[in-house]
Amino acid sequence: MKIILGNRFGIKKEKITILLDPIISDFHSFISHAHGDHSPIEIIKEPFATKETSALLKVSNPEFSFKEVSYNKKVKLDNFSFEFLNAGHILGSSQIYFEFDGFSLLYTGDINTKDTFLIKKAKPKEADILMIESTYGYPGYKFPNQEEVVNLFIKWVKNQLKKGYKVEIGAYQIGKAQEAIKILNEFGIVPKVTETIRRYSEVYKKFGIKLNYCSAKENCEDVLIKPVQLIRKSSSKVKTCVLTGWALFRKLNHLGFPISDHSDFYELLEYVKQVNPKKVIVVHGFTKEFAKEVRKRLRIDAIHLDESNPEISLKF
Ligand SMILES: [Zn+2]
């Protein structure tokens, strides 16, 4: 069996070709979640995705179609089976658990092993091979208690409003923006959102998540949630901030609150321990560093898949 980098990630075993989060969907393709760095730009053959991921991706690509599968439903194909398991990251996000003849493989997509305001945490499932992301997989990357961060964030927002400023919050349009809405709602604030964020938020509502927000043109509270890339520096009238885990580890141009929908380094290690794999393949983020730490701290065979090591042969 081979694990290959290119068109994101490929698995080749005899006649089976599986593509994980491919850029061009073909063969047996699987989409772990709706973020741009995991979703297709072209579909030759329909990929499998959860209903939620399908609905989110159709917001920007209404012509796309998917083979929709619910969570925790085992689907048997010719020579293998698969199951989508909650990944705790954004609406619809999934770990994908594959069973081949005699062994199993778990692909995490992006994973979060702590509850957020919107999504229940991911639970590990034992597997022989684990393909794992490592966005924050670097020693020392530890998120503070998320409730404390949320309290600081809300305190800051309320302070700005009290002083008569408008507030603009930068957040990724899928996932973080809806979490920001939910957090503000919990503290009695109904924010405005940009049109695209509104359309993604409608999908969250369709799947039963309660969110209260207004369009940017409506006369609501002076708090606007917009995409991170549209956030400008604070001015004499508008105070700005962004919500991202990177606020903790990188110098940003804005005030940042480290609210994250990823696991940190220590949570990733604990997750690997519980999956209890024979082999770990680190596919995104700090690939080399995290593989090294898994070998060192957990004594589990681990290797990185990236440009410097684009193909891995396994005895499975
Ligand atoms: Zn993601």
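**Brief notes about the overall build of the protein chain**
Right, on to step 1. When helices and strands are counted, the protein chain shows six helices and 22 strands.
Right, on to step 2. In terms of overall dimensions, the protein chain is globule-like: its C-alpha atoms have a radius of gyration of 20 Å, near the 20 Å expected for 316 residues.
Right, on to step 3. C-alpha atoms of the protein chain, sized along the principal axes, occupy 65 × 45 × 30 Å.
Right, on to step 4. Looking at the protein chain residue by residue over its 316 residues, the buried ones come to 55%.
Right, on to step 5. Taking the intrachain contacts of the protein chain between residues at least 6 apart in sequence as the baseline, contacts between residues at least 24 apart amount to 59%.
Right, on to step 6. Taken together, the 49 basic and 38 acidic charged side chains of the protein chain have centroids lying 4 Å from each other.

**Observations concerning the sheet that holds strand β16 (residues 214–215)**
Right, on to step 1. As summarised here, the arrangement of the six strands in space is β16-β15-β17-β14-β18-β19, forming an open sheet in which the pairing is parallel. In the strand order of this sheet, the two ends are held by β16 and β19 (255–257), each with one partner.
Right, on to step 2. Taken together, the three bridges between strand β18 (residues 238–243) and β19 define a ladder with parallel strand orientation. Looking at the pairing, Val-242 lines up with Gly-256 of β19.

**Observations regarding the coordination of the zinc ion**
Right, on to step 1. Coordination of the zinc ion by the protein is provided by His-33 (NE2), His-35 (ND1), His-89 (NE2) and Asp-110 (OD), with metal-donor distances spanning 2.2 to 2.3 Å.
Right, on to step 2. One can describe the site at the zinc ion as irregular: its four donor atoms subtend angles covering 92 to 162° at the metal.
Right, on to step 3. Between consecutive donors of the zinc ion, the numbers of intervening residues give the motif H-x1-H-x53-H-x20-D. Linking His-89 in the loop between β10 (81–86) and β11 (94–100) with Asp-110 in the loop between β12 (103–107) and β13 (129–134), this pair joins segments that are 21 residues apart in sequence.

**Remarks on the nonpolar core**
Right, on to step 1. Judged by nonpolar contacts, the single largest core of 43 residues is most densely connected at Leu-56, Phe-153, Val-157, Ile-169, Leu-184, Tyr-204 and Ile-225.
Right, on to step 2. When contributions to this core are tallied by element, the ones reaching two or more residues are α1 (51–60), α2 (146–162), β14 (166–170), α3 (176–186), α4 (195–206), β17 (223–226) and β18.
Right, on to step 3. Ranked by residue count, the leading element in this core is α2, at six residues.
Right, on to step 4. In this structure, this core is formed jointly by two domains, domain 1 (2–141 + 262–313) and domain 2 (146–257), each of which donates at least three residues.

**Some points on the packing of α1 against α4**
Right, on to step 1. Two elements in contact, α1 and α4, have axes whose closest approach is 9 Å; the angle formed by their N-to-C orientations is 155°. Classified by the angle between their axes, α1 and α4 sit roughly antiparallel to one another. α4 is crossed by α1, and the crossing has right-handed handedness. Contacts from Glu-52, Ala-55, Leu-56, Val-59 and Ser-60 of α1 reach α4 at Arg-199, Tyr-200, Val-203, Tyr-204 and Lys-206.
Right, on to step 2. Considering only residue class, the contact of α1 with α4 consists of six nonpolar, one polar and three charged.

**What about the packing of aromatic side chains?**
The geometry of an aromatic ring pair is captured by the separation of the ring centres together with the interplanar angle, meaning the angle of the planes.
Right, on to step 1. Counting across every chain of the model gives 27 aromatic pairs.
Right, on to step 2. Each ring, one from Phe-30 and one from Phe-98, has its centre 5.0 Å from the other, and the planes form 90°; the classification is edge-to-face. In this pair, Phe-30 sits in strand β5 (residues 28–30) while Phe-98 sits in strand β11, placing the two residues 68 residues apart along the sequence.
Right, on to step 3. Residue class for Phe-98 comes out buried when judged on its relative accessible area of 0%.
Right, on to step 4. Centre to centre, the rings of Tyr-136 and Phe-143 are 4.9 Å apart; their planes meet at 75°, and the pair counts as edge-to-face.
Right, on to step 5. Ring-pair connections join several aromatic residues into one group, and the members of that group are Phe-30, Phe-48, Phe-80, Phe-82, Phe-84, Phe-98, Phe-100, Phe-103 and Phe-316.
Right, on to step 6. A cation sits over an aromatic face here: Lys-67 above Phe-48, 4.5 Å from the ring centre.
Right, on to step 7. Positioned above the aromatic ring of Tyr-97, the side-chain terminus of Lys-125 is 4.6 Å from the ring centre.

**Description of the sheet that holds β12**
Right, on to step 1. With mixed pairing, the seven strands of this open sheet are ordered in space as β9-β10-β11-β12-β13-β20-β21. Sheet topology places β9 (75–76) and β21 (301–304) at the edges, where each strand pairs with a single neighbour.
Right, on to step 2. Bridge count between β10 and β11: six bridges; the pairing is antiparallel. The partner of Phe-82 across the bridge, within β11, is Phe-98.

**Quick notes on the pattern of salt bridges**
Right, on to step 1. All told, the structure shown has 14 salt bridges when counted by the stated rule.
Right, on to step 2. The shortest N-O distance in the salt bridge between Lys-273 and Glu-270 comes to 3.8 Å. One end of the pair, Lys-273, and the other, Glu-270, are both in helix α5 (residues 265–275), three residues apart, so they sit about a helical turn from each other.
Right, on to step 3. Given a relative accessible area of 36%, Glu-270 falls into the partly exposed group.

Parameters and conventions
Residues numbered from 1 in each chain as written. Predicted model: local features only at pLDDT ≥ 70, side-chain atom pairs only at ≥ 80, totals over all residues. Heavy atoms only, no water. Helix = DSSP H or I, 4+ residues; strand = E, 2+ residues; numbered from the N terminus. Rg over C-alpha atoms; globule rule 2.2 N^0.38 Å. Buried < 20%, exposed > 50% of the residue type's maximum accessible area, 1.4 Å probe, protein only. Contact = heavy atoms within 4.5 Å. Lys, Arg positive; Asp, Glu negative; His and termini not counted. Charge placed at Lys NZ, Arg CZ, Asp CG, Glu CD. Pairing = 2+ DSSP bridges. Donors = N, O, S within 2.8 Å, 3.2 Å for Na, K, Ca; no water. Tetrahedral: all angles 85-135°; square planar, octahedral: opposite > 155°, others 65-115°. Core = buried A, V, L, I, M, F, W, Y, C linked by side-chain atoms within 4.5 Å. Domains from an automatic or database assignment. Axes fitted to C-alpha atoms, helices over the stretch in contact; angles between N-to-C directions. Parallel < 35°, antiparallel > 145°, perpendicular 65-115°, else oblique. Left-handed = near helix turned anticlockwise from the far one by under 90°. Nonpolar A, V, L, I, M, F, W, Y, C, P; charged D, E, K, R; others polar. Phe/Tyr/Trp six-rings, centres within 6.5 Å; stacked < 30°, edge-to-face > 60°. Lys NZ or Arg CZ within 6 Å of the ring centre and 35° of its normal. Salt bridge = Lys/Arg side-chain N within 4 Å of Asp/Glu carboxyl O.

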